[in-house]
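Coordinate analysis (summary)
This is what each chain is made of:
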Amino acid sequence: MSNYQENIKYLIQRPKTPVIKPPMHRSMFNSSIRREFKLNKGCHQTMGYAEVKVNEPSEFLKKKSKKVIRPFIENTKTSTKNPVQCSCYPNKPSPKKKNSRNFLRENIVDVVRKVPPLPKHRVQDSRDGHTIVLDESGLEPLYVLKKDFGKLPLYIENIFKKKETVRQKEVERIQAIKPPMRHLPKEERYVLLTGLKANWAELNKQFLLLPILTDSVTKVNRKTNLENQLRNLEKDIDLLERYSNLYVCEENA
């Protein structure tokens, strides 16, 4: 029924709304490109292109058809009596020396005296007769049989010797300037002894303040560390008290 119904509002034609298009994109280089195109447009209008005569199909390029123009040289006859004077040749030709050496005889003597070559060490690795020369293939251990195999090269030994001599000279120079050992005086020995005892007393006080129960890893480590420090200090104090004459080593020696 809807197809046969009419409506009055569709009888009046409505004006069509114009479609507004966005402005066309123009490149910023448009004017410069047009200007450059017009500049080179008529570059051949005055003289035109170069006209080159094209060869006919029958006149294709053949061998020795190019004309080579060589420089003109005047023919001058030279003779052995009056040779051309040149800086590279002497005024008179040197006479040829006759060689009295007999090369044929020398070659025959060399061949007769030559030692025959030894047969090569070959190994057949297939039933078809394929052979391998072991000396040339690298399968034969030849380098192992050398006298200097596994030894330090001579040039490296020389480098080590030079370094050792330089180090020894430096040590001797330092020892000559200042001796490495010196006698410990009584005043310095007394100062060291009092300082070590004071350190031992301080560490002993810390050791006595430790808890009786060592139930953790940190407590065990702290106790063992203090025991080691106390033991080392007791050894040093005993050494200073036992010996009156002591020699100490310099720090820079």
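What comes next concerns the included structure. (Residues numbered from 1 in each chain as written. Predicted model: local features only at pLDDT ≥ 70, side-chain atom pairs only at ≥ 80, totals over all residues. Heavy atoms only, no water.)

A word on the nonpolar core. In terms of nonpolar packing, the biggest core is built from eleven residues, these being L184, L193, L196, L203, L210, L226, L230, L233, I237, L240 and L246. The element best represented in this core is helix α6 (residues 217-242), accounting for five residues. The residues contacting L184, other than those within four sequence positions of it, are R189, L192, L240, L246 and V248. (Core = buried A, V, L, I, M, F, W, Y, C linked by side-chain atoms within 4.5 Å. Buried < 20%, exposed > 50% of the residue type's maximum accessible area, 1.4 Å probe, protein only. Helix = DSSP H or I, 4+ residues; strand = E, 2+ residues; numbered from the N terminus. Contact = heavy atoms within 4.5 Å.)

The N-to-C vectors of helix α5 (residues 186-208) and α6 enclose an angle of 155 degrees; their axes lie 9 Å apart at closest approach. When the interaxial angle is binned, α5 and α6 end up roughly antiparallel. Relative to α6, α5 is oriented so that their crossing is left-handed. Each of R189, L192, L193, L196, K197, N199, W200, L203, N204, Q206 and F207 in α5 lies in contact with α6, whose residues at this interface are R222, K223, L226, E227, Q229, L230, L233, E234, D236, I237, L240 and E241. Residues belonging to the contact of α5 with α6 are distributed by class as follows: eleven nonpolar, four polar and eight charged. (Axes fitted to C-alpha atoms, helices over the stretch in contact; angles between N-to-C directions. Parallel < 35°, antiparallel > 145°, perpendicular 65-115°, else oblique. Left-handed = near helix turned anticlockwise from the far one by under 90°. Nonpolar A, V, L, I, M, F, W, Y, C, P; charged D, E, K, R; others polar.)

Scanning the model with the defined rule gives one aromatic pair in all. Look at Y143 and F149: their rings are 5.7 Å apart centre to centre, the planes differ by 80 degrees, and that puts the pair in the edge-to-face class. On the basis of relative accessibility, which here comes to 47%, the residue Y143 falls in the partly exposed class. Over the face of the ring belonging to F60 we find K62, whose NZ or CZ atom lies 5.3 Å from the ring centre. (Phe/Tyr/Trp six-rings, centres within 6.5 Å; stacked < 30°, edge-to-face > 60°. Lys NZ or Arg CZ within 6 Å of the ring centre and 35° of its normal.)

For the rest of this paragraph, the subject is a nonpolar patch on the surface. Where nonpolar side chains cluster on the molecular surface, the patch consists of L152, Y155, I159 and F160 and spans about 430 Å² of accessible area. Turning to its location among the elements, L152 is positioned in the loop between α3 (134-137) and α4 (154-177). The exposure class assigned to L152 is partly exposed, which follows from its relative accessible area of 43%. (Patch = residues over 30% accessible without salt bridge, like charges linked within 9 Å, V, L, I, M, F, W, Y side chains within 5 Å. Areas by Shrake-Rupley, 256 points an atom, 1.4 Å probe, with all protein chains shown as cover. Salt bridge = Lys/Arg side-chain N within 4 Å of Asp/Glu carboxyl O.)

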